[in-house]
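# Per-entry structural report
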Amino acid sequence: MAKSAFTVFTWFILLICLPLAALAKNIHVTPDDDLQASLNGADGGDVVIIAAGEYIGNFIVNKRITVTGEIGTVTGKNNVVINASGSGHGIELRNSNITIKNLTINNWGNDLTEQNSGIYSDKKSTDITVQGNTLTGDGFGIWIQRSQNVLIKNNSVTGNAALRTSDRGNGIQLSMVKKALVEGNTVSETRDGLYIISSQENELRNNTLHDLRFGIHYMYSHNNKVLNNFSYNARVGYALMSSRKLTVSGNRSLNTEDYGFLLNFITFSEISNNYIKDVWTKPENKVLGRDGKGLFIYNSGYNTIKFNTVDTAEIGIHLTAGSEHSKVYGNNFINNPIQVKYVSNKRQEWSVDGIGNYWSNYLGWDLDGDGKGDTVFEPNDGIDKMIWEYPEAKVLLDSPAVLLLRWVQNQFPILKPGGVKDSHPLMTPSSIHNTSTKISEATDSL
């Protein structure tokens, strides 16, 4: 009898010590079932497996569970459709440790004030995973707020191209989020592709973003990494604003209208190994002062800008409003009608440790064969600065008086105003750190 009591007690102890995962169960749901009731009835750690079909409504996940759609055995695609009936959120998350996988979500609301989203979370939470979902709708795609340890991976978000850009939500939005990885997503036809605000220690990696206002948009976010993303057919490829300690490397920007990269009040950051091509304002949108800029750097200092390629932009790089105290070297400026626009009289040296930049319009020579020009490259003179301040004076560019002024400046350098100087211009494009060949192969089909 005593032995039997001991055995019961032992099994009781083992049972209560089993981890929650061991007690978790799979809950299968079909279109004939009440999906919301199944979500409400789940316990922490359960997996809700949704069968193919359409589920109409606005669903709430308030348990620590996994919600996953069945993948078609023939098509290999998610065949589970969440139809939000044109209002509210598709799925709202109200807890931590939630995973949403392999669902197609569409037809959620378009009220941007109410933050209508396909997948929405604004509760303080940790360990949120959104993976392998397909979202199509008018409002925000995926909105995560006040969360930590977030994974958003391999999702597709498509907005409504029939709406004005300003009336669409962002594709993926992180607000007050820490330690998130946003990887392998495709976003198109929303307002901004990835919008990150007041969020720290996050990484955006290998995302494809196209037909947008801004591909990636940063505001008030620090210690973030932006790596190997591809943005094309946008007004701005990468809009980085009011942030510090960003690492922005290996990204591509193709066919933008206003800016490849916009840096506004960015400090102590590294912008490296990025490839920017075709930044040109459309003729129908052309107004005085609106030119496509490969790199536009406004009120940003103490940064490192190295081994980037800017190819075929109306202006290669434009610095203004105190954008100084940065290291600029190893970059390639190719086929840009205006290579540099620097609106300041302070002198800046754009080379570091004998490494300058490659300029496709450099006419100097390399007699000692060290791969660097023997004469200094200065992209601008006093006439350029005059034209920037008084654009109407462009009609005088070929006049004898202007040609004489340029000749005098060349003969008497002391008369030149301050500006950018590259003392070690490269004779050939930098290739050690440059990924443009691989990038060009990847974009030939676009």
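Residues numbered from 1 in each chain as written. Predicted model: local features only at pLDDT ≥ 70, side-chain atom pairs only at ≥ 80, totals over all residues. Heavy atoms only, no water.

Summed over all chains, the structure comprises 12 aromatic pairs. By the ring-pair criterion, three or more aromatic residues cluster together here, those being Phe333, Trp350, Trp359, Tyr362 and Phe377. Across the ring face of phenylalanine 214, the terminal group of arginine 213 is positioned such that the distance to the ring centre comes to 4.2 Å. Over the face of the ring belonging to phenylalanine 230 we find arginine 252, whose NZ or CZ atom lies 4.1 Å from the ring centre. (Phe/Tyr/Trp six-rings, centres within 6.5 Å; stacked < 30°, edge-to-face > 60°. Lys NZ or Arg CZ within 6 Å of the ring centre and 35° of its normal.)

Before going further, it helps to spend a moment on the confidence of the model for the protein. On average, the protein scores 87 in pLDDT, and the residues at 70 or more come to 82%. This model gives residues 434-442 a pLDDT under 50, and the stretch forms 10 contacts once residues within four places in sequence are excluded. (pLDDT = per-residue confidence, 0-100. Contact = heavy atoms within 4.5 Å.)

So, on to empty space enclosed by the protein. One pass over the full model with this rule turns up two cavities of 30 Å³ or more. As for the largest cavity, its lining consists of Leu35, Leu39, Ile50, Phe59, Val61, Val67, Ile82, Ile91, Ile100 and Leu103. Elements with a contribution of two residues or more to the lining of the largest cavity: α3 (35-41) and β4 (59-61). Residue composition of the lining of the largest cavity, by class: 10 nonpolar, no polar and no charged. Considering only residue class, the lining of the second largest cavity consists of three nonpolar, four polar and no charged. (1 Å grid on protein atoms, 1.4 Å probe; cavity = no way out; pocket = protein on both sides within 12 Å on 5 of 7 lines; lining within 4 Å. Points joined across faces, edges and corners; volume = space filled by probe spheres on them. Helix = DSSP H or I, 4+ residues; strand = E, 2+ residues; numbered from the N terminus. Nonpolar A, V, L, I, M, F, W, Y, C, P; charged D, E, K, R; others polar.)

Its place among the elements puts glycine 45 in the loop between α3 and β2 (47-50). Note on glycine 45: relative accessible area 33%, which makes it partly exposed. A sequence separation of 20 residues divides glycine 45 from isoleucine 65, and the C-alpha atoms of the two residues are 5.0 Å apart. (Buried < 20%, exposed > 50% of the residue type's maximum accessible area, 1.4 Å probe, protein only.)

Here we take up the pattern of salt bridges. Counted by the stated rule, this structure contains 16 salt bridges. In this structure, glutamate 92 and arginine 94 form a salt bridge, with 3.3 Å as the shortest nitrogen-oxygen distance. The residue lysine 306 makes a salt bridge to glutamate 270 at a minimum N-O spacing of 3.8 Å. Taken together, the residues span a long stretch of sequence, with lysine 306 in strand β29 (residues 304-306) and glutamate 270 in strand β26 (residues 270-272) at a distance of 36 residues. (Salt bridge = Lys/Arg side-chain N within 4 Å of Asp/Glu carboxyl O.)

Even without being a glycine, asparagine 228 presents a positive backbone phi close to 60 degrees. Residue placement: asparagine 228 occurs in the loop between β22 (225-227) and β23 (230-244). Judged by its relative accessible area of 39%, asparagine 228 is partly exposed. Positive phi, normally seen in glycine, also occurs at tyrosine 302, with a value near 60 degrees. Within the secondary structure, tyrosine 302 sits in the loop between β28 (293-298) and β29.

Our focus in this paragraph is the environment of leucine 35. Note on placement: leucine 35 falls in helix α3. A C-alpha to C-alpha distance of 8.0 Å links leucine 35 and phenylalanine 59, two positions 24 residues apart in sequence. Non-local contacts of leucine 35, meaning those with residues more than four positions away in its chain, are made with Val29, Ile50, Tyr55, Phe59 and Ile82.

Of all six residues making up β28, five are buried, and the element is well covered by its neighbours. Pairing of strand β25 (residues 252-267) with β28 involves five bridges; the strand directions are parallel. Within the sheet, the bridge partner assigned to phenylalanine 261 lies in β28 and is leucine 295. As defined by bridge partners, β28 adjoins strand β31 (residues 315-320) across five bridges and the pair is classed as parallel. By the bridge assignment, tyrosine 298 is partnered in β31 with threonine 320. (Pairing = 2+ DSSP bridges.)

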